[in-house]
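Spelled out from the first residue to the last, the chains are:
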Amino acid sequence: MSNDYRPMWESLGLDLESHDQLLKAIPQAFGGVYMQQKNRPAEMEYFDFVVSEIHGLRIQELQEHKSRGGKVVGAFCIFVPEEIVRAAGGICVGLCSGAEIGTAQAEKVLPRNICPLIKSFMGFKLGHVCPYFESCDMVVGETTCDGKKKAFEILNDYIPVHMMETPQMKREKDKVLWRSEVRDFVTEMQQFTGNQVTYDSLQRAIIDVNGKRKVLARLAELRKNIPAPISGKDSLLIEQIAMYDDVDRFTEQTTKLCDELEKRTRAGLGVQEPGALRIIVSGTPMAVPNWKVPHIIESSGAVIVAEELCTGLRYFENTVDEDGSDLEQQVDALAKRYLDIDCACFTPNDARTDKLVKLAEEYQADGIIHCSLAFCDPYLVEANRVEKVLKEHNIPLLRIETDYGQEDSGQLKTRVEAFFEMLAAKKA
Amino acid sequence: MRPSMMNIFENLRDQNILDLEHAKRDNKKVVGMYCAYSPQELVLAAGAIPVSLCGTSNKPVAAAEKVLPRNLCPLIKSSFGFAITDTCPYFRFSDFLVADTTCDGKKKMFEILGSMKPLHVLQLPQGTDRPGALGWWLEEIRILKDKLEENLEATIDEDSLRAAIKLANKERQVLRRLHEMNRLDPAPLSGVDLLTATWLRSFSVDKAEGIELVEQLIEEIQEIADKGLSPFRAGTPRILLTGCPVGSGSEKVLKLLEECGGSVVCLENCSGIKTQVYLIDEDESRDPLEAIAERYLQIPCSCMSPNPGRLELIAKLIDEYRVDGVVDLTWQACHTYNVEAELVRQLVKDKCGLPYLQLETDYSTSDVEQLKTRLAAFIEMMDRS
Ligand code: SF4
Ligand code: SF4
């Protein structure tokens, strides 16, 4: 990092000692996982820069926004309609929670046996190590899973939390419920920021965020090519950065990257040999700096061509209809777009399994790796449905359950390699 | 001094299955339910028999683990295991299943179970504090009514609903009275017996008969109490057990608590007081479905967020039952109860100033020795004699 950001971190109330540890860990992990890759697109430079400034430049931007009276709103889930935050003049940041830090503090108020993502966000907050979290004026929670839902009750003791009730099904009455939740969120944001959400401001926000989603979809589309023009790890990084970077700048930079990838594709250039195994990763979100499984996969000779994850397709595959002619219609369009997300929190969630079959075909994938965080009941149980449907379609599947620790890396690598051997034999 | 009536309750297990077999032969329909939020009144009003399919045995867990993740609540694995191994007569007898989205594990498990028998899932609101929650839940109840009518080929009319409400209320009241006998000090009934009586009665084919039995038991307990007798010596620490559901077969912790010298005077869980204290409004001018919806939404389960009702109830029970300590039982990987334990701890320790112990365990016996040590130490701390 170029500048001295310590005064800023100090003013944010960060625990500088723990923060130093975190900040040391990220470049190390990043170097090992990212910088060793061959044939990286030149335009990855921007994203590498973002990581190198992960607690610097962007935080400074958030502080500047705040000093102009702007609000920063944190979210842990892709169900939180960021367009509305934006339309109210706020900045929405995805709080990643991908590292095991502050576990001891978190376990003072949370059980041990709970999803690492949940433990991580509590640890970040209680340990004051995340400048994004410390920049937030409020957090928007949702009722997607048991652990999070209940943990927000406790988090509320440390930062104001606004809860959105995400329904568990997608019937007409559930849509009605969700629409009213989205409408309430508009009101909440207006009150919180002191700014009106108008037709124009919301339209602008919808178009901007759609732009971000569309460029991500374009990137995804390019990965259908053989050989894949970009690694799965790089793609995941971009998808992770999408959650907190400045929207316009992100869209611009990702567009440049896609232009480069297009050229590469035309020249027949890829990150791996054309014969490399093509893998789709599906399951629970992978937040910065949780690159463990993708790194194992790609350092075993395969290339990840798609992420059916929250940090992946689920985040950008649908856009918001831009034809609403009044605020009411815009809000309905937003509600619709968000309820179309095929998360395992819904019952049933057949659309997800159907989609996996479709993705395998479109991306010409050799196999799917279902990766779930430990204790995530929705995804762990749904893996059984995934297995059933993929079997029916003869699509090979490997199921992994893991957490943020590195202890199981060796064992995971063995399992992944065995899976790849099987796939290679099948392909030959 | 143990009430002799308890023998009758213990024999109910076999009796209930026989009765059910007869009822099935007479073409009665049986509806299996998995959660305290499933309104049994609708089933009763349809002329069918509601039974609880909540798994309380460790036996079928291994079979379930072949399909479900290991890191899942034992109650879910047990319920699922019973179904796939076909070892639960109640499941076999069931013509129709009613399930709830109580927790992630159950919700997703039902997707797999649904291929075995006709099943309807009720969607619970996630919190009760939102203005729309009750109306939304009422719609769920109406949908359930239609489903039951369709699947059981029955009609559920207002009169039968009102009769069912009265009957179920009566049952709640008598169970509550039974429970409240243990406000006496020392308690005239052990926690284990309290659970046995409550649990086995819940499978009776004829509710009126079950109510009658509980009434007789209360009478006998009163006699025992009048003589100043009790299974416990004066000064035995009085414990409130809260947390995840406990039933006959999964009473490990309850049993250990009493073996280690405690007296479990109150069960604040689904098989205990939590489902007995709230009655359905019998006001004839009201829509009975609305009254039902309202009552069920009052159940203070940790699946609701927020769930202040549970804390209020526990605080009240601590007073009423003159409790010396609270044990909060969490089934392994039950996230809602596990997280909510922090709030219960704050209430019991910080506000009420009482000893509090949270335990996370499963249905197996592998940790019994370890539990014993912890429970014994906990009880010793409170000994009043
Ligand atoms: S990964 Fe699963 S358990 Fe963890 S926060 Fe997400 S939905 Fe909840
Ligand atoms: S004890 Fe908890 S995890 Fe288990 S079925 Fe009940 S609510 Fe679900």
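Here the residue numbers are simple positions, counted from 1 along each chain's written sequence. Chains and ligands are labelled by the order in which they are written, letters from A for the one and numbers from 1 for the other. Per-residue local features are limited, in this predicted model, to residues with pLDDT of at least 70; the limit for side-chain atom pairs, both in listing and counting, is 80 or more; totals at the level of whole chains, interfaces and linings are taken over all residues. Calculation of side-chain values draws on the structure's entire complement of heavy atoms; hydrogens and water are dropped beforehand.

**Thoughts on the nonpolar core**
- Counting 153 residues, the largest nonpolar core has Phe-133, Leu-155, Ile-297 and Phe-420 of chain A as its most contacted members.
- Here this core gets eight residues from one element, more than from any other, and that element is helix H11 (residues 199-222) of chain A.
- With residues near it in sequence (within four places) discarded, Leu-155 of chain A still touches Phe-76, Phe-121, Met-122, Lys-125, Phe-133, Val-139 and Val-161 of chain A.
- Within the second largest apolar cluster, 114 residues are counted, among which are Ala-83, Phe-91, Phe-110 and Ile-239 of chain B. In this text, buried Ala, Val, Leu, Ile, Met, Phe, Trp, Tyr and Cys residues form a nonpolar core when linked through side-chain atoms within 4.5 Å. With a 1.4 Å probe rolled over the protein chains alone, any residue whose accessible area is under 20% of its type maximum counts as buried; one over 50% counts as exposed, and the rest are partly exposed. Runs of H or I in DSSP of at least four residues are treated as helices and runs of E of at least two as strands, each being numbered from the N terminus. Contacts are assigned to residue pairs that have any heavy atoms within 4.5 Å of one another.

**Section: the pattern of salt bridges**
- Between Lys or Arg on one side and Asp or Glu on the other, a salt bridge is scored when a side-chain nitrogen of the former is within 4 Å of a carboxyl oxygen of the latter. Within this structure, the stated rule accounts for 78 salt bridges over all chains.
- With a closest N to O distance of 3.0 Å, Lys-119 of chain A and Glu-107 of chain A form a salt bridge. With Lys-119 of chain A in helix H7 (residues 116-127) and Glu-107 of chain A in helix H6 (residues 103-109), the pair connects residues that are twelve residues apart, well separated along the chain.
- Among the ionic pairs, Glu-180 of chain B bridges to Arg-176 of chain B, the shortest N-O distance being 2.8 Å. Of the two residues, Glu-180 of chain B and Arg-176 of chain B both sit in helix H8 (residues 158-180), four residues apart, roughly one turn of that helix.
- Its relative accessible area of 22% is what places Glu-180 of chain B among the partly exposed residues.
- Arg-176 of chain B gets classed as partly exposed once you look at its relative accessible area, which sits at 26%.

**As for the environment of Met-189 of chain A**
All names here are of chain A.
- If you trace the backbone, Met-189 turns up in helix H10 (residues 172-193).
- Assessed through its relative accessible area of 0%, Met-189 is described here as buried.
- Separated by 55 residues in sequence, Met-189 and Tyr-244 place their C-alpha atoms 18 Å apart.

**Looking at the sheet that holds strand S4 (residues 161-164) of chain A**
Residue and element names in this part refer to chain A.
- Within the open sheet, the four strands sit side by side as S2-S1-S3-S4. Their pairing is parallel. Two strands bound the open sheet, and with one partner strand each, they are strand S2 (91-94) and S4. Taken over all neighbouring pairs, the strand axes of this sheet differ in orientation by 30 degrees on average, direction set aside.
- At least two DSSP bridges between two strands are needed for those strands to be called paired. Inspection of the sheet shows strand S3 (residues 138-142) paired to S4 by four bridges, in the parallel sense. Across the sheet, Gly-141 pairs through a bridge with Met-163, a residue of S4.
- Each of strand S1 (72-75) and S2 is contacted by helix H4 (residues 57-67), which is oriented at about 150 degrees to S2, the strand it contacts most.
- The convention used is that axes are lines fitted to C-alpha atoms, helices contributing only their stretch in contact, and that angles between N-to-C directions extend from 0 to 180 degrees. Sitting on the sheet, H10 touches S1, S3 and S4, and the angle it makes with S4 is about 160 degrees.

**Some points on the site of ligand 1**
- For this purpose, a residue is taken to be near a molecule or strand whenever a single non-hydrogen atom of the residue falls within 4 Å of it. Every residue close to ligand 1 is listed here: Cys-115, Ile-118, Cys-145, Lys-148, Thr-284, Leu-373 and Cys-376 of chain A.
- Amino acid classes used here: Ala, Val, Leu, Ile, Met, Phe, Trp, Tyr, Cys and Pro are nonpolar; Asp, Glu, Lys and Arg are charged; the rest, including Gly, are polar. Its residues assigned to classes, the shell around ligand 1 comprises five nonpolar, one polar and one charged.

**Quick word on the sheet that holds strand S6 (residues 303-308) of chain A**
Residues and elements named next belong to chain A.
- With respect to topology, four strands assemble into an open sheet ordered S6-S5-S7-S8, the strand pairing being parallel. Every other strand in the sheet has two partners, leaving S6 and strand S8 (397-402) as the edge strands with one partner each. Ignoring strand direction, the axes of neighbouring strands in this sheet form an average angle of 25 degrees.
- Bridging between strand S5 (residues 278-283) and S6 involves five bridges; their strand directions are parallel. Along S6, the bridge assignment pairs Ile-279 with Ile-304.

**Considerations on the interface of chain A and chain B**
- Taken together, the 43 residues of chain A in the interface contact 40 residues of chain B.
- When chain A packs against chain B, close to 3600 Å² is buried across both sides, 51% of that on carbon and sulfur atoms.
- The tally of links between chain A and chain B comes to six salt bridges.
- A salt bridge links Glu-140 of chain B to Arg-171 of chain A; the nearest nitrogen and oxygen atoms lie 2.4 Å apart.
- Pairs of N or O atoms within 3.5 Å make up the polar contacts considered here, provided that, within protein, one atom can donate a hydrogen while the other can accept it, and that residues adjacent in sequence are counted only when both atoms are side-chain atoms. Counting the contacts that link chain A with chain B gives 27 residue pairs in polar contact (both at pLDDT 80 or more). Two parts placed together each lose some accessible area under a 1.4 Å probe, and the buried area is that loss summed for both.

**Comments concerning the pairing of strand S7 (residues 367-373) of chain A**
All names here are of chain A.
- S7 sits mainly inside the fold: seven of its seven residues count as buried.
- Side chains of S7 alternate between two faces, with Gly-367, Ile-369, Cys-371 and Leu-373 and Ile-368, His-370 and Ser-372 buried alike.
- When S7 meets S8, the two strands line up parallel, connected through six bridges. Bridge pairing links Ile-369 to Leu-398 in S8.
- Crossover handedness for the path S7 to helix H18 (residues 377-392) to S8: right-handed. A clockwise course of the path from the first strand over the helix to the second, judged with the strands pointing away from the viewer, identifies a crossover as right-handed.

**Some words on the site of ligand 2**
- All residues in the neighbourhood of ligand 2 are listed as Cys-73, Leu-75, Ile-76, Cys-103, Lys-106, Cys-244, Pro-245, Trp-331 and Cys-334 of chain B.
- Classifying every residue of the shell around ligand 2 gives eight nonpolar, no polar and one charged.

**Focus: helix H17 (residues 350-362) of chain A**
All names here are of chain A.
- With 13 residues, H17 extends 18 Å between its outermost C-alpha atoms, agreeing within 8% with the 18 Å of an ideal straight helix rising 1.5 Å per residue.
- Taken together, the buried positions of H17 are Arg-352, Thr-353, Lys-355, Leu-356, Val-357, Leu-359 and Ala-360.
- Considering only its buried residues, H17 is in contact with S5, S6, helix H15 (313-316), S7 and H18.
- Positive backbone phi, at 45 degrees, marks Gln-364, one or two positions downstream of H17. A helix's residues, less one, multiplied by 1.5 Å, set its expected span.

**A short note on the domain arrangement of chain B**
Residue and element names in this part refer to chain B.
- Domain segmentation is taken from an automatic or database assignment of domains. Domain boundaries assigned for chain B yield domain 1 (5-155) and domain 2 (160-382).
- When each unit is reduced to the centre of its C-alpha atoms, the spacing between domain 1 and domain 2 is 21 Å.
- Opposite the 48 residues of domain 1 that make contact, domain 2 presents 51 residues.
- Remark: the boundary between domain 1 and domain 2 carries two salt bridges.
- The closest approach of N and O atoms between Glu-41 and Arg-172, which form a salt bridge, is 2.7 Å.
- Those elements that place two or more of their residues in the side of domain 1 that touches domain 2 are helix H1 (5-25), helix H2 (40-45), strand S2 (49-52), helix H4 (74-85) and helix H7 (133-152).
- Counting residues per element, the side of domain 1 that touches domain 2 draws most heavily on H1, at eleven residues.
- For the side of domain 1 that touches domain 2, the per-class residue count stands at 27 nonpolar, 14 polar and seven charged.

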